[in-house]
Amino acid sequence: MLSRARHAVQQRLDELSPGRLVSGRVAKLVPFGAVVRLADGLEGLLHVSQVSRLYVQNVSEVLTRGEELTCVVLKVDLADGSLALSTKMLESRPGEMLDDRAALLARSSQIEGRVELRQ
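Residues numbered from 1 in each chain as written. Predicted model: local features only at pLDDT ≥ 70, side-chain atom pairs only at ≥ 80, totals over all residues. Heavy atoms only, no water.

Engineer: How should the sheet that holds strand β1 (residues 21-30) be read in this particular structure?
Structural biologist: The strands making up a sheet associate through hydrogen bonds between their backbones, and the pairing can be parallel or antiparallel. Taken together, the five strands give a closed barrel; going around it, the order is β1-β2-β3-β5-β4, and neighbouring strands pair in mixed fashion. Averaged over all adjacent pairs, the angle separating strand axes in this sheet is 50 degrees, with direction ignored. One ladder, built from five bridges, connects β1 with strand β4 (residues 68-77); its direction is antiparallel. Looking at the pairing, Arg25 lines up with Glu68 of β4. Along the sheet, helix α3 (residues 101-109) contacts β1 and β4; its crossing angle with β4, the most-contacted strand, is approximately 65 degrees. (Pairing = 2+ DSSP bridges. Helix = DSSP H or I, 4+ residues; strand = E, 2+ residues; numbered from the N terminus. Axes fitted to C-alpha atoms, helices over the stretch in contact; angles between N-to-C directions. Contact = heavy atoms within 4.5 Å.)

Engineer: I tried to follow the environment of Thr87 on my own but got confused; where do I start?
Structural biologist: Mapped onto the secondary structure, Thr87 falls in the loop between β5 (82-86) and α2 (96-99). With a relative accessible area of 0%, Thr87 lands in the buried category. For the pair Thr87 and Leu21, spaced 66 residues apart in sequence, the C-alpha to C-alpha distance is 9.8 Å. In this structure the side chain of Thr87 is engaged in a polar contact, spanning 2.7 Å, whose partner is the backbone oxygen of Val51. (Buried < 20%, exposed > 50% of the residue type's maximum accessible area, 1.4 Å probe, protein only. Polar contact = N/O pair within 3.5 Å; in protein donor to acceptor, adjacent residues only side chain to side chain.)

Engineer: Looking at this structure, how should I read the pattern of salt bridges?
Structural biologist: A side chain of one charge can pair with a side chain of the opposite charge if their charged atoms are brought near each other. Within this structure, the stated rule accounts for five salt bridges. The salt bridge involving Arg37 is made with Glu43; its shortest N-O contact spans 2.5 Å. Given the relative accessible area of 41%, Arg37 is considered partly exposed. Given a relative accessible area of 35%, Glu43 falls into the partly exposed group. One salt bridge connects Glu67 with Arg101, and the closest N-O pair in it is separated by 2.6 Å. (Salt bridge = Lys/Arg side-chain N within 4 Å of Asp/Glu carboxyl O.)

Pasting the structure below:
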């Protein structure tokens, strides 16, 4: 049986390939990151280690529920329909997501399509 999340991911596979930019809102904060709900209701995980290139101990000190974000798709898992997201891939310098998030997200919303994934 095909799960709803898995089916939704398969339907949007071209749009959700690694490196693609997606926009959404923080739906929930959890100890290990934030659940980001995309416009069509699909959800992805922004793991705490993917928020910034600087260490983030507690994601709730950085993000708030309902906040709009632009993220990079890191990984799509067709087996369970999950999405791994990143905002640190958008940083031009370590810590930009922490101290100048508005400028980073404004600049990121102007980027079209995809970004090159880097470690």
